[in-house]
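Notes for the structure review
Here is what each chain is made of, one letter per residue.
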Amino acid sequence: MDVILLERVEKLGGIGDVVKVKNGFARNYLLPRKKALRANESNRKLFEAQRAQIEADNASRRSDAEQASKGVDGKTVQLIRQASNVGHLYGSVSARDIAEALEGVGAHVAKSQVVLDRPIKAIGVHEVKIALHPEVSVTVKVNVARSPEEADLQAQGVDVLQQMFEDRCSRNRLLRSLPRNWPSRKPPPKLAWPPKLKRRRKKPMLLPRRTPSRPERFESEDRPSVHWIGGLFLCAERFVAKRVE
């Protein structure tokens, strides 16, 4: 997409330049923030008619930014964050945190003016760019440490991470140089463990044996009780005897 720039955009051009950019960059960034216009005939005529006013407004904003940059340039802010032994933060420092820290030292900076490619995730002294105007930018220092004492050491130029690494290496060398049973220098006593107790196995619970249920029996005067199949045969015999009579 071809657009007409209304202000200077880094790596693109200055006011009045017609440049070709990707559609998503134009729709999502340049056009909503009124940094550019679509390069068509009506917008070209509108820009040429208002070019003098646009350049005058840009010059006034640039002069205001240059005046404000005197109170921001070279500022150092201190942020205390929790971190691991190797210096990685449990979290991160974002542009909002830097803007609030600058606000605390009297430098009024908006969050959108903090140019931070990625959040800060390690302790140390980091240089951050502040863009007060497309043509005016300054640099501030952000001192991220785990404690005020470490922040003071970092401000003096001491590499806290390197010092921590050297201290750990010297401690490990000292521990390796000591005898194994230091400081007693006596063999450690053998622990008299109690004998293992045998676990008593529980006897299985004996349940009364259940007799299976028997089917109903037929009783008669002539024969003792028989199985129900026998009862069927008995009924059949009586039926046949009646038919014969």
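This text goes with the structure placed above it.
Here the residue numbering is sequential within each chain, running from 1 through the sequence in written order. Given that this is a predicted model, residues contribute local features only at a pLDDT of at least 70 and side-chain atom pairs are listed and counted only at 80 or more, while totals for whole chains, interfaces and linings are drawn from all residues. Side-chain descriptors were evaluated using all non-hydrogen atoms of the structure, hydrogens and water having been removed beforehand.

1. Examining the pairing of strand E8 (residues 124-133)
Note the following rule: Any two strands between which DSSP finds at least two bridges are classified as paired. Secondary structure counts use DSSP, requiring at least four H or I residues in a row for a helix and at least two E residues in a row for a strand, with both numbered from the N terminus.
Sheet topology note: the strand E6 (residues 114-115)/E8 ladder contains two bridges and is antiparallel. Residue pairing in the sheet places valine 114 in a bridge with isoleucine 130 of E8. Note: E8 against strand E9 (residues 136-145), nine bridges, orientation antiparallel. By the bridge assignment for E9, valine 128 is matched with valine 140. Linking E8 back to E9 in an antiparallel pair, the connection comprises two residues.

2. Side note on the pairing of strand E1 (residues 2-5)
Strand direction decides the pairing type here: E1 and strand E2 (residues 18-20), joined by three bridges, are antiparallel. Directly across from aspartate 2, in E2, lies its bridge partner lysine 20. As judged from the three bridges shared by E1 and strand E3 (residues 36-38), these two strands associate in the antiparallel manner. Paired with isoleucine 4 across the bridge in E3 is leucine 37.

3. Concerning the sheet that holds E6
As a reminder of what qualifies: By definition, residues are in contact when any of their heavy atoms lie within 4.5 Å. Axis lines are fitted to C-alpha atoms, over the contacting stretch for helices. Their N-to-C directions set the angle, which ranges from 0 to 180 degrees.
If you walk across this open sheet you meet the four strands as E4-E9-E8-E6, and the pairing is mixed. Two strands lie at the open edges of the sheet, namely strand E4 (76-80) and E6, each paired on one side alone. In the packing of helix H2 (residues 41-69) onto the sheet, the strands contacted are E8 and E9, and the crossing angle to E8 comes to about 150 degrees. Helix H4 (residues 148-155) rests against E4, E8 and E9 of the sheet, and its axis sits at about 130 degrees to E9.

4. Some points on the side chain of serine 84
Let me state the cut-off plainly: Think of it in three bands: residues with accessible area under 20% of the maximum for their type are buried, residues over 50% are exposed, and the middle band is partly exposed, with areas taken using a 1.4 Å probe on protein chains only.
Along the chain, the position of serine 84 falls in the loop between E4 and strand E5 (88-93). With relative accessibility at 13%, the residue serine 84 sits in the buried group. Those residues within four positions of serine 84 in sequence are excluded, and the remaining contacts are Tyr90 and Arg146.

5. Focus: the nonpolar core
The condition is simple: For our purposes a nonpolar core is just a set of buried Ala, Val, Leu, Ile, Met, Phe, Trp, Tyr and Cys residues, chained together by side-chain atoms within 4.5 Å.
Ranked by size, the top nonpolar core spans 25 residues in total, and within it Val93, Ile98, Leu102, Val114, Val128, Ile130 and Val142 carry the most contacts. Those residues within four positions of isoleucine 130 in sequence are excluded, and the remaining contacts are Leu102, Val109, Gln113, Val114, Val136, Ser137, Val138 and Val140. Core analysis: the second largest hydrophobic core is formed by nine residues, Met1, Val3, Val21 and Ala26 among them.

6. Overview of helix H3 (residues 95-104)
Taken residue by residue, H3 has Ala95, Asp97, Ile98, Ala99, Ala101 and Leu102 as its buried positions. Looking at the buried positions of H3, the neighbouring elements they touch are E4, E5, E6, strand E7 (120-122), E8 and E9. Looking one or two places after H3, you find glycine 106, whose phi comes out positive at around 95 degrees.

7. A look at the environment of glutamine 82
Secondary-structure assignment places glutamine 82 in the loop between E4 and E5. Sequence separation between glutamine 82 and arginine 146 is 64 residues; the distance between their C-alpha atoms is 5.5 Å. When sequence neighbours within four positions are dropped, the list of residues in contact with glutamine 82 reads Leu89 and Tyr90.

8. A few points about the pattern of salt bridges
In plain terms, the rule: Here, a salt bridge means any Lys or Arg side-chain nitrogen found within 4 Å of an Asp or Glu carboxyl oxygen.
Scanning the model with the defined rule gives seven salt bridges in all. One salt bridge connects arginine 51 with glutamate 55, and the closest N-O pair in it is separated by 3.2 Å. With arginine 51 and glutamate 55 both in helix H2, this residue pair falls four residues apart, about one helical turn. Overall, the relative accessible area of 27% leaves arginine 51 in the partly exposed class. One salt-bridge network, in which partners are shared between bridges, spans Glu48, Arg51 and Glu55.

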